[in-house]
Each structure stands twice: as C-alpha cells, then as structure tokens.
Amino acid sequence: MLIIFVCLLLIINSCKATGGTSHEGSRRDSAVQAYLHNIESDVWEEDEKACVEATRDMLNSVTNRTLWAAWIWDSMHYPTGVFYGSRFQMGNYDQCLNPPWLKSHPNLATQYCVVEVQTAGNPRKMLKDYNPYDNVSSYLQTASKSGRHFNKMFLSLCVSKKCQQKTVEKLSRLWLQGTHFSHPESRDYNLEYCTDNSTGKYTFGFIAFFGVIATLIIMVVTSTIYRTINKEKSSSAVGKIAECFDVQRNWNSLFAVYPDDMPFLNGIRTLTAYNVVVIHISLAAIAANSVNSLDIDETIFNSSFGYFSLHMDLVVDTFFVLSSLLLTKNLLGINGKGIFLNPIKRYIRLIGVFAIAVFYTTAVSTYFSSGPYKVLFDER
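Owing to the predicted nature of the structure, the values given are computational and were not obtained by experimental measurement.

A.B. asks: Any chance you could break down the packing of aromatic side chains for me, citing the residues and the numbers?
C.D. replies: This model, assessed by the stated rule, comprises 20 aromatic pairs. Aromatic side chains Tyr35 and Trp73 sit 6.3 Å apart centroid to centroid with 45° between the ring planes, which places their arrangement in the tilted category. One end of the pair, Tyr35, is in helix 1 (residues 2–41); the other, Trp73, is in helix 3 (residues 67–74), and 38 residues separate them in sequence. Considered together, Tyr35 and Trp73 belong to a single accessibility category, that of buried residues. With a centroid separation of 5.0 Å and 10° between ring planes, the pair formed by Phe88 and Phe154 is classed as stacked. Taken together, the residues span a long stretch of sequence, with Phe88 in strand 1 (residues 88–89) and Phe154 in strand 5 (residues 152–160) at a distance of 66 residues. In textbook terms, an aromatic cluster arises when at least three aromatic residues are bridged by ring pairs, as seen for Tyr202, Phe206, Phe209, Phe210, Phe359, Tyr360, Tyr367 and Phe368.

Now the structure itself:
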C-alpha cells in the first residue's frame, strides 16, 4: 500500500508540473500567436512577401524558443505608460542592431524602425476630474493641463532588412492590434526612419573639421613656442598672430584681476548663466516629450517649484541685464577708437568658439553618437 501511495503522489506531481509548464508556455506564446495570426490574416502585395515571410519565420522560431528569433522579439515591447504621457516606446535599440552573431550570420541582420502612430482628430482639453469608467478612446483624445497630447506615440519595431516602408507601417498596425490600443478609430501610421546602424563613409565636413582643429592646435603650439623664445613684443604680422594664439598670454589675460572689477556681479552672472543652461536643457526635454506629461503637470501646477517654472524668463533677463551692465561699464572706461573696436574684438573672440560648436554639431556629432532618439531628432 505504501508503494502504491508513493506512486500516486509521483503521478499527481508529474501532472501538476506538466500542466504548469504548458500554461506558462501558452501564456508566453499567446502574444506571438496573436501577432502571427494578424499577419496571416492581412492582405499583402507581391513586393511585401519577402518581409512577411521573414517575419513569419521569426515568429515561428520564437515559438520554438530559437535564440536568434527570441533575441529580436525581446528587443521590442508593447506600449506602456501612454496614459501617463510617455510618448516614446523605443524598445532596445542596441539589442536589435547588435546581436553577437551578426558577422557570422549576416542573413539574420535586422533593422530598427520607428513609426509615428497618431489617432485621427484634434485633442480637446482635459476635464479637471477623471472618469475611471470612461472609454479609452475618449481619454486618448484629451490633453493634459499643460496641453500635452496623449493621441500620439512613437513605436519601435525590430524587423528584417527585407522590409520596406509601407510594410513596416502595416506591421506596426498589426502589432498594436494585440494591445488595448486596438480600438477601431482611424489611426495614421507614418514611418519616421529605419536604420541598421551603419555609419557609412566620412563626409567632407567631417574631414574638414579635424583639419581645422589640427591647424589650430599647430598654430597654438607654434605661437606659444615662438613667444617663449622671442619675449619682446613684435609689430610684425607674424608677431601679432603669435601673440593672439599664445597660450600663456591668453591664460594671464583671462584670469587677470583689475582694480575696478566687480567680482560679485561676475559671480551672480556666472550663477545665472548656469541656471540658463539648466533651464534650456529642461525645456528641451519637455519639448521633446522625453518625460511623462502628467509629471510635468504635477510639477507646474501642484508644487512650490511650479511658480518659478512658469517664470523662468526672469533668470534669462537677469543674465542679460548683468551682462549689459558689465559691458557698459567697460565701454565707459575706453576712450577714442577703442569704444568701437572693443565690441568688434569681443565678437571675434566669441564667434570662433560658436563656429566650432556649430561645425561639430552639423558635421561630426552624428559619427560619435547613436541611439533611437539621436536618429529621430536628426531626421527631424
């Protein structure tokens, strides 16, 4: 009897384990099967069949727990946080484009695509009170207190390189059919970009930038050595150029202390300049919708910081007023032609740094940065 009882316990535990595994497997594969069913039920044109076949092969391989396919599937995710104002559903950019077998199996290479999804219609202002029993479609057609819209998001997909623009837009629509965003109202699907993270050839601007930087470095080093050897001030053109690029002279001039200086005003202006930078970074993050919209509303309308956030122009105005005051003070102490030459010298001194920054941003920065946001904002 004891042996029979032990055998029955083993059979029961075996059945439970098998049933649990089956349940977990079905739950894991349900999303894959739903997406596969949506793809097979749709109508595809002849030039889209290569992409569809590659996608179908990937989904079937996910069901079989094949690593390369599960790797692609794991790099994507359904929209989350949209109701809270999270607009960007970017998945995992690096995982999609950099599988460890990319060189040995180039046929498994993928591309990372971002599609802008927007519900048709203009959002209306949100009521003060939320109705928890309201329809999802009605909520998505409203706007937050600060005017942020919920009817738009950016959805990322990791797809085969065989996929074209119109096919990616269709796949994104079918992807959302398996979510709570599958409501029937019309939506617009517009492909923002697809990338395989290939850098491509260096442009002339890239090469020219480093040529300019190398030339400036050579001039600085040469001028500093020249001025170190020839300490007497020279009136020749070579001597004046060397004086302009001499590191030691410029360092002493930058940190020189004059009797009529107002260090407290310079200190306040430095603090306001720092705050101006922080404000612009914050405004850029808000404008790009890279933060949760409802958090922004909470900060602006329901916090002690909110009043200041609505009057950040005071910091900028303070910086300009102090800068104008200090500039005027310097001009009042200059006589003759210097009053006209001083602003020109300041302009020449500042425009060089500004030109280098613009040159780097437009011609070089794209080669030293990557990621979904970078490509999206470059395209825009």
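A.B. asks: Can you lay out the layout of surface pockets for me, pointing to particular residues and giving the numbers?
C.D. replies: Its boundaries defined by the atoms lining it, the largest pocket holds a volume of some 2000 Å³. Every element with two or more residues in the lining of the largest pocket is listed here: helix 7 (204–229), helix 8 (237–245), helix 9 (247–254), helix 10 (263–287), helix 13 (313–332) and helix 14 (338–363). Taken together, the residues of the lining of the largest pocket sort by class into 18 nonpolar, 9 polar and 12 charged.

A.B. asks: Lay out a nonpolar patch on the surface with the relevant residues and their values.
C.D. replies: Nonpolar side chains collect at one region of the surface, where Leu341, Ile344, Tyr347, Ile348, Ile351, Phe354 and Val358 lie side by side and expose about 690 Å² of accessible area between them. Looking at the element boundaries, Val358 is found in helix 14.

A.B. asks: How would you explain the pattern of salt bridges if you had to name every residue and give the values?
C.D. replies: Going through the model one piece at a time under the given rule, you end up with 11 salt bridges. For the salt bridge of Asp42 with Arg173, the shortest nitrogen-to-oxygen distance reads 2.7 Å. Taken together, the residues span a long stretch of sequence, with Asp42 in the loop between helix 1 and helix 2 (49–63) and Arg173 in helix 6 (residues 165–176) at a distance of 131 residues. Residue Asp42 is classed as partly exposed on the basis of its relative accessible area of 22%. Ionic pairing is found between Asp47 and Lys166, a salt bridge with its closest N-O pair at 3.1 Å. Taken together, the positions of Asp47 in the loop between helix 1 and helix 2 and Lys166 in helix 6 put the pair 119 residues apart, joining distant regions of the chain. Shared partners join several salt bridges into a network, and the residues in it are Glu40, Glu53 and Arg56.

A.B. asks: Explain the side chain of Thr167 residue by residue, including any values.
C.D. replies: Along the chain, Thr167 falls in helix 6. Those residues in contact with Thr167 that lie beyond four places of it in its chain are Trp44, Glu48 and Cys51.

Procedures and definitions
Residues numbered from 1 in each chain as written. Predicted model: local features only at pLDDT ≥ 70, side-chain atom pairs only at ≥ 80, totals over all residues. Heavy atoms only, no water. Phe/Tyr/Trp six-rings, centres within 6.5 Å; stacked < 30°, edge-to-face > 60°. Helix = DSSP H or I, 4+ residues; strand = E, 2+ residues; numbered from the N terminus. Buried < 20%, exposed > 50% of the residue type's maximum accessible area, 1.4 Å probe, protein only. 1 Å grid on protein atoms, 1.4 Å probe; cavity = no way out; pocket = protein on both sides within 12 Å on 5 of 7 lines; lining within 4 Å. Points joined across faces, edges and corners; volume = space filled by probe spheres on them. Nonpolar A, V, L, I, M, F, W, Y, C, P; charged D, E, K, R; others polar. Patch = residues over 30% accessible without salt bridge, like charges linked within 9 Å, V, L, I, M, F, W, Y side chains within 5 Å. Areas by Shrake-Rupley, 256 points an atom, 1.4 Å probe, with all protein chains shown as cover. Salt bridge = Lys/Arg side-chain N within 4 Å of Asp/Glu carboxyl O. Contact = heavy atoms within 4.5 Å.

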